[in-house]
Amino acid sequence: MNVRCQILAALAIILCMALAIPAGVAAQAAQSAGKITFVQPIVNVVRGPQQVPASATQEVFWGDVVNTGHLARGRISLTDGSLLSVGPDTNMTIAKHDPAAQQTDLDLNYGAVRAKAVKLVKPDAHFRVRTPVGVAGVVGTEMIVLFGTDGQMHVFCMEGTCQVCDVLLNCVLLKGGEVSSLRTNQPPSQPSPPTPANLTTAVNASGGAGAGAGAGGAAGAGGAAGGGAGAGAGIGAGAAVGIGAGVAAAVATVVVRSVATTKTCSTAPPTTGGVTPRANCVNRAGAPRLPGQK
């Protein structure tokens, strides 16, 4: 009986001490994963039973859940220098980030994340983003992962080489500028170039080019957050424009060439038999304008 009482007393003391330790102090004992460096407008961090609005200097730890709402986005700088851009309507768990071993595991429960990883040189190094239907790994150096409530996973390899596997470990390798998709009970699709519209959606769904590690100079481009609202509900098509710099440059070149080769009409196109022929120039003076036409 005395032994039992002593055990119960010891357990009571331990419980009291645990309750007396503030949450912030307990967090310090956990392993740090990095810091949040940008939030807009509100990003919540869930740690155990607590959920608190994140600040732009808040430290995050193994096991923390980063939760963004509609039109919200955030950026995380991991301790090894890797960068994460978290898009709207996203729920992501930082399962592990060990900079010494170069091992990072992120659980994307839904939403979108853009990851720019540092170069992996350790023997067992990996940088993975897991979803319920598969896993994406950065071999080097950057990718966007989308997972919607429709159960479909999309992986855009922005730079370097990426790997996409289903739960049965059927895998494909992607090069920079390729995308692969998969869903439950289906292997990853063969890598292919994304359409400009799909790339636009992916960039904005993952927080916009201005929210994080932009490939090919897209960082700092100030991407709009609103377009990524569909990430938590099957990526929406109404994404605002914010494509990667490489695609943007190509689009800009086409536009410039088109304008340069479109002449300005000196007079209105002549009519023949009451029919106006198709013009190969732009009548910029005196012609009526269509709604929205400059």
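## Remarks on the overall build of the chain
Line of reasoning, step 1. Scanning the chain for helices and strands turns up four helices and 16 strands.
Line of reasoning, step 2. Put simply, the chain has 294 residues, and 38% of those count as buried.
Line of reasoning, step 3. Taking the intrachain contacts of the chain between residues at least 6 apart in sequence as the baseline, contacts between residues at least 24 apart amount to 46%.
Line of reasoning, step 4. Counting every atom, the chain has about 15400 Å² of accessible surface; 60% of that belongs to carbon and sulfur.

## Points about the state of the cysteines
Line of reasoning, step 1. Here the structure, examined in full by the defined rule, presents two disulfides.
Line of reasoning, step 2. The disulfide partner of Cys 165 is Cys 171, and the gap between their sulfur atoms is 2.0 Å. Handedness of the Cys 165-Cys 171 disulfide follows from its S-S torsion of about 110°: it is right-handed.

## As for the confidence of the model for the chain
Line of reasoning, step 1. Across the chain, the average pLDDT comes to 73, with 61% of residues at 70 or higher.
Line of reasoning, step 2. Confidence drops under a pLDDT of 50 for residues 209–294, and excluding neighbours within four residues, the segment shows 122 contacts in the predicted structure.

## Structural notes on the environment of Lys 116
Line of reasoning, step 1. For Lys 116, the position within the fold is in strand E9 (residues 103–116).
Line of reasoning, step 2. In this structure, the C-alpha to C-alpha distance between Lys 116 and Met 143, residues 27 residues apart in sequence, is 6.7 Å.

## What about the environment of Lys 175?
Line of reasoning, step 1. Counting through the fold element by element, Lys 175 comes out in strand E13 (residues 171–175).
Line of reasoning, step 2. What makes Lys 175 exposed here is its relative accessible area of 54%.
Line of reasoning, step 3. In the structure, Lys 175 is positioned 16 residues away from Pro 191 in sequence and 8.1 Å away in space, judged by C-alpha atoms.
Line of reasoning, step 4. Among all residues touching Lys 175, those that are not within four sequence positions of it are Cys 157 and Gly 160.

## Here's the deal with the nonpolar core
Line of reasoning, step 1. Counting 34 residues, the largest nonpolar core has Ile 76, Leu 84, Met 92 and Val 145 as its most contacted members.
Line of reasoning, step 2. What Ile 76 contacts, discounting residues up to four positions off in sequence, is Lys 35, Ile 36, Thr 37, Val 60, Val 66, Ser 82, Leu 83, Leu 84, Val 86, Met 92 and Ile 94.

## Some thoughts on the pairing of strand E11 (residues 134–147)
Line of reasoning, step 1. Summarising burial for E11: twelve of the 14 residues are buried, a large majority.
Line of reasoning, step 2. Sheet topology places E9 next to E11; six bridges connect them, and they run antiparallel. Opposite Ala 115, over in E11, you have Met 143 as the bridge partner.
Line of reasoning, step 3. Connecting the antiparallel pair strand E10 (residues 126–131) and E11 is a turn made up of two residues.
Line of reasoning, step 4. With antiparallel pairing between neighbouring strands as the criterion, E11 and strand E12 (residues 152–166) make up a hairpin whose turn holds four residues, including Gly 151 at a positive phi of roughly 80°.

## As for unusual backbone geometry
Most peptide bonds take the trans form, and the phi angle of most residues other than glycine is negative.
Line of reasoning, step 1. Of note, the bond from Gln 40 into Pro 41 is cis; its omega dihedral lies within 30 degrees of zero at -20°.
Line of reasoning, step 2. One can find Pro 41 in the loop between strand E1 (32–40) and strand E2 (43–47).
Line of reasoning, step 3. The peptide bond linking Gly 140 to Thr 141 adopts the cis configuration, its omega dihedral lying at 5°.
Line of reasoning, step 4. Here Thr 141 lies in strand E11.
Line of reasoning, step 5. One non-glycine residue, Leu 169, adopts positive backbone phi at about 65°.
Line of reasoning, step 6. Relative to the assigned elements, Leu 169 resides in the loop between E12 and E13.
Line of reasoning, step 7. A residue is classified by how much of its surface remains accessible, and Leu 169, at 64% relative accessible area, is exposed.

## Structural notes on the pattern of salt bridges
Line of reasoning, step 1. Inspection of the entire model under this criterion finds four salt bridges.
Line of reasoning, step 2. A salt bridge links Asp 64 to Arg 47; the shortest N-O distance between them is 2.7 Å. Of this pair, Asp 64 sits in the loop between strand E4 (59–61) and strand E5 (65–68) while Arg 47 sits in strand E2; the two residues are 17 residues apart in sequence, bridging distant segments of the chain.
Line of reasoning, step 3. Looking at Arg 47, the relative accessible area reads 29%, which means it is partly exposed.
Line of reasoning, step 4. Here Asp 107 ties to Arg 130 by a salt bridge, and the two come within 2.7 Å at their closest N and O atoms.

## Overview of the side chain of Ser 206
Line of reasoning, step 1. When you line up the elements, Ser 206 lands in the loop between helix H3 (196–205) and helix H4 (245–260).
Line of reasoning, step 2. There is a polar contact of 3.0 Å between the side chain of Ser 206 and the backbone oxygen of Val 203.
Line of reasoning, step 3. Setting aside residues up to four positions removed in sequence, Ser 206 forms contacts with Ser 85, Val 86, Gly 87, Ala 112, Val 113, Arg 114 and Ile 144.

## Points about the pairing of strand E3 (residues 50–53)
Line of reasoning, step 1. Where E2 and E3 come together, four bridges link them in antiparallel fashion. Residue pairing in the sheet places Asn 44 in a bridge with Pro 53 of E3.
Line of reasoning, step 2. Between E2 and E3, which follow one another and run antiparallel, lie two residues, and Gly 48 among them has a positive phi close to 65°.

About the cut-offs
- Residues numbered from 1 in each chain as written.
- Predicted model: local features only at pLDDT ≥ 70, side-chain atom pairs only at ≥ 80, totals over all residues.
- Heavy atoms only, no water.
- Helix = DSSP H or I, 4+ residues; strand = E, 2+ residues; numbered from the N terminus.
- Buried < 20%, exposed > 50% of the residue type's maximum accessible area, 1.4 Å probe, protein only.
- Contact = heavy atoms within 4.5 Å.
- Areas by Shrake-Rupley, 256 points an atom, 1.4 Å probe, with all protein chains shown as cover.
- Disulfide = S-S within 2.5 Å.
- pLDDT = per-residue confidence, 0-100.
- Core = buried A, V, L, I, M, F, W, Y, C linked by side-chain atoms within 4.5 Å.
- Pairing = 2+ DSSP bridges.
- Salt bridge = Lys/Arg side-chain N within 4 Å of Asp/Glu carboxyl O.
- Polar contact = N/O pair within 3.5 Å; in protein donor to acceptor, adjacent residues only side chain to side chain.

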